[in-house]
Amino acid sequence: MEVQFELNGKPVHTEIEAGAVLLDVLRDLGCYSVKCGCETTNCGLCTVWVDGTPRLSCSILAAGISGRKITTLEGLQEEAARFGAYLAAEGAEQCGYCSPGFIMNVLAMERELCVSGHCPDAEEIREYLAGNLCRCTGYAGQLRAVEKYLRESRG
Amino acid sequence: MITVKNYVKPGTLEEAYELNQKRANRIIGGMMWIRMGRGNVNTVIDLSGLGLDQITETETEFRIGCMSTLRQLETHSGLKETFGDFFKECTRHIVGVQFRNGATVGGSIFGRYGFSDILTAFLVLDTKVKLYKKGIVPLSEFIRMDRDRDILEELIVAKDGRKAVYLSERRSQTDFPVLTCAASEKDGTVLLSIGARPMKADVTETTIDEMEQAADTFTYGSNMRGSGEYRKHLGRVLAGRAKKALEEGNV
C-alpha cells in the first residue's frame, strides 16, 4: 500500500507493507539516526516526533501516519549539534549509540516544558527522560549537560 | 512480532465492529504491547479515524475516549483539578513519555492486563465503560465479563467529590509494578483496589479503619518480580499508606 506523509519538512510518497512499522520505513528512507535498541518497546532509541510529539517509532504502524508530520534527528541538525556540544563538554558520550533518541527527547522536552519562563528542575528532567535508556554513561553527565543546555539557551 | 496482511482505518464504529467480528482481525489500540505478541493478523483495525482520542469534561463527568493516550490522562488539567495528582501518579512510572504518548486508555482497560496501573486506578473511581454493542457497564462488572469482540468506545468517570490516592511499588524506575494500589473515599465508604498481584486488579469496598485488613482479602501470587508472600506484605503497607493519605487529606 502507499503512504504519504511529511518527513523533516519534505513530502514523501512511499510503498509499504501493511504491517511495516515506522522505524523500518524511516530507515529505508535513509534516516539512519532512527534505530531499534531493545525490541521490547522501552529503550527510547527509536524516538521520532509525530506532529511534534515524541513517540516510539518501533510501535507505530507506518500505514497509520498518512498526512502526519514526522521529524527525525536528520531534520534537526543545527539544534542537535548545539545540544551535542553540551553532551561532549560534559563527557556524557561514550559509545553514542543511544544519543539520537536521547537528543530527540531532550529537544521535545525543551519544547513541551520550557514554556512561559518555566525551566524544568532536575527531577522533572529525570522523569521526562526516564524512557531513554543508556547502558554506559551512568546518566550523571547527561543530566549535567541537559541542565546546562536549558539554562544557557533558555536563560 | 506479529505479521499483518491488511490495514484498515474505519470511518464508522459499525464498520470497525463488523471487521472486528472476524477472529483473524484485530484492533491495535496504541500498538504498544501488541507489537510484542506473536501470530498472524489478517486485518489490523485502527480506531484513530473515529474522533475517540479526546477527554471531555462536563459538570458531572469526564468522558475519556478509548484512543486517548496515557500522557493525556497524565497532563489533563480538568482531571488534575478534580482528582489532584491521582492520574499523574498512576501514569508517570509507565516506561517513558514517548511510550505514554502512544499507549491508549482503551487498550489498557480492554486488555485487562495483570500489570496494569491504569486498571487499578480507574477501579476506585465511579467508572463505567461504554461498549459499542453492550452499552454502558460499570468497570467493576466489565473486568469480570468474558473477553469478547465488542468495542470499548470510552470511559465515563463521575465527578462525585470522591478523594482518591494511587501508589505502586517498583523494583526500579519505569519497570512493571510489583504491586499497585488505589483507594478512594466518599461519605465514609472506601474503595480499595490492588493490582499486579500479579493477576489483574480487583476492587473491594471497606472503611478507612479496615483498609489494611481489606488488603489481606486479596489473592496474591508469585512471579519473577516477587513472591506471593512479599506481595501480601506490600499490599498491607501500600493500603496503610493510602489510608494515611486519605486521613490527612493528602490526595
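Computed from a prediction, not measured in an experiment: that's the story for all the values here.

Draft legend 1. The arrangement of unusual backbone geometry in detail. Residues and elements named next belong to chain B. Across the junction of R197 and P198, the peptide omega takes the value 0°, indicating a cis bond. Its place among the elements puts P198 in the loop between β11 (189-195) and β12 (202-206). Phi at T174 is positive, roughly 70°, even though this residue is not glycine. By the secondary structure assignment, T174 is in the loop between β9 (163-170) and β10 (177-186).

Draft legend 2. Fine view of the interface of chain A and chain B. Each partner contributes residues to the interface: chain A has 27 residues there, and chain B has 26 residues. Summing the contributions of chain A and of chain B, the shared interface buries around 2000 Å²; its carbon and sulfur component is 57%. For the pair chain A and chain B, the interface holds two salt bridges. Note that R92 of chain B is salt-bridged to E127 of chain A, the shortest N-O span being 2.6 Å. The interface formed by chain A and chain B contains six residue pairs in polar contact (both at pLDDT 80 or more). When contributions to the side of chain A that touches chain B are tallied by element, the ones reaching two or more residues are β4 (53-56), α3 (99-113) and α4 (122-128) of chain A. It is β4 of chain A that contributes the most residues to the side of chain A that touches chain B, four residues altogether. Considering only residue class, the side of chain A that touches chain B consists of 11 nonpolar, 12 polar and four charged.

Draft legend 3. Local environment of the nonpolar core. Judged by nonpolar contacts, the single largest core of 83 residues is most densely connected at F86, I109 and F122 of chain B. In this structure F122 of chain B touches I64, L73, F87, V105, I109, T127, L139, L155 and V157 of chain B, once residues within four positions along its chain are discounted. If you look at the next biggest cluster of nonpolar residues, it comprises 26 residues, including M109, Y128, L143 and A145 of chain A.

Draft legend 4. Highlighting the confidence of the model for chain B. Overall, the prediction assigns chain B a mean pLDDT of 96, with 100% of residues at 70 or greater. What the predictor reports for the complex is a pTM of 0.96 with an ipTM of 0.96.

Draft legend 5. Representation of the layout of surface pockets. Residues and elements named next belong to chain B. Considering only enclosed or pocket space, the largest pocket measures out at about 1100 Å³ in volume. Around the largest pocket sit 50 residues that line it, and W33, I34, G107, G111 and Y113 are the ones nearest its centre. For the lining of the largest pocket, the secondary-structure elements that each account for two or more residues are β2 (26-27), α6 (105-110) and α7 (117-122). Take the lining of the largest pocket: its biggest share by element is four residues, from α6. A breakdown of the residues in the lining of the largest pocket according to their chemical character gives 24 nonpolar, 16 polar and 10 charged. Within this model, the second largest pocket holds a volume of roughly 610 Å³.

Draft legend 6. Here's a closer look at the environment of E141 of chain B. Relative to the helices and strands, E141 of chain B resides in helix α8 (residues 139-142). Between the C-alpha atom of E141 of chain B and that of V251 of chain B, which follows or precedes it by 110 residues, the distance is 26 Å.

What counts as what
- Counting restarts for each chain, with residues numbered from 1 along the sequence as it is written.
- To label them, take the chains in the order written and letter them from A, then take the ligands in the order written and number them from 1.
- Residue-level local features of this predicted model are given only where pLDDT is at least 70; pairs of side-chain atoms are given and counted only at 80 or more, and the full residue set underlies all totals for whole chains, interfaces and linings.
- Derived side-chain values reflect all non-hydrogen atoms in the structure, with water molecules and hydrogen atoms excluded from consideration.
- A run of DSSP states H or I qualifies as a helix once it reaches four residues; a run of E qualifies as a strand once it reaches two. Both are numbered from the N-terminal end.
- Any two residues whose heavy atoms approach within 4.5 Å are treated as being in contact.
- Here the quantity called buried area is the accessible surface, traced with a 1.4 Å probe, that two parts lose on coming together, added over both.
- Whenever a carboxyl oxygen of Asp or Glu lies within 4 Å of a side-chain nitrogen of Lys or Arg, that contact is scored as a salt bridge.
- Distance and chemistry together define a polar contact, namely a pair of N or O atoms within 3.5 Å, with one atom able to donate a hydrogen and the other to accept it when in protein, and with adjacent residues in sequence counting only for side-chain atoms on both sides.
- Lys, Arg, Asp and Glu make up the charged group, whereas Ala, Val, Leu, Ile, Met, Phe, Trp, Tyr, Cys and Pro make up the nonpolar group; the residues left over, Gly among them, are polar.
- Residues grouped as a nonpolar core are buried Ala, Val, Leu, Ile, Met, Phe, Trp, Tyr and Cys residues, joined through side-chain atoms within 4.5 Å.
- Only protein chains enter the accessibility calculation, which uses a 1.4 Å probe; a residue is then buried when its area is under 20% of its type maximum, exposed when over 50%, and partly exposed in between.
- Values of pLDDT, which run from 0 to 100, indicate the predictor's confidence residue by residue.
- The method works on a 1 Å grid over the protein atoms by themselves. A cavity is a set of points holding a 1.4 Å probe that cannot get out, a pocket is an open set with protein on both sides within 12 Å along at least five of seven lines, and residues with an atom within 4 Å of a point line them.
- Grid points are joined across faces, edges and corners, and a volume is the space filled by probe spheres set on the points.

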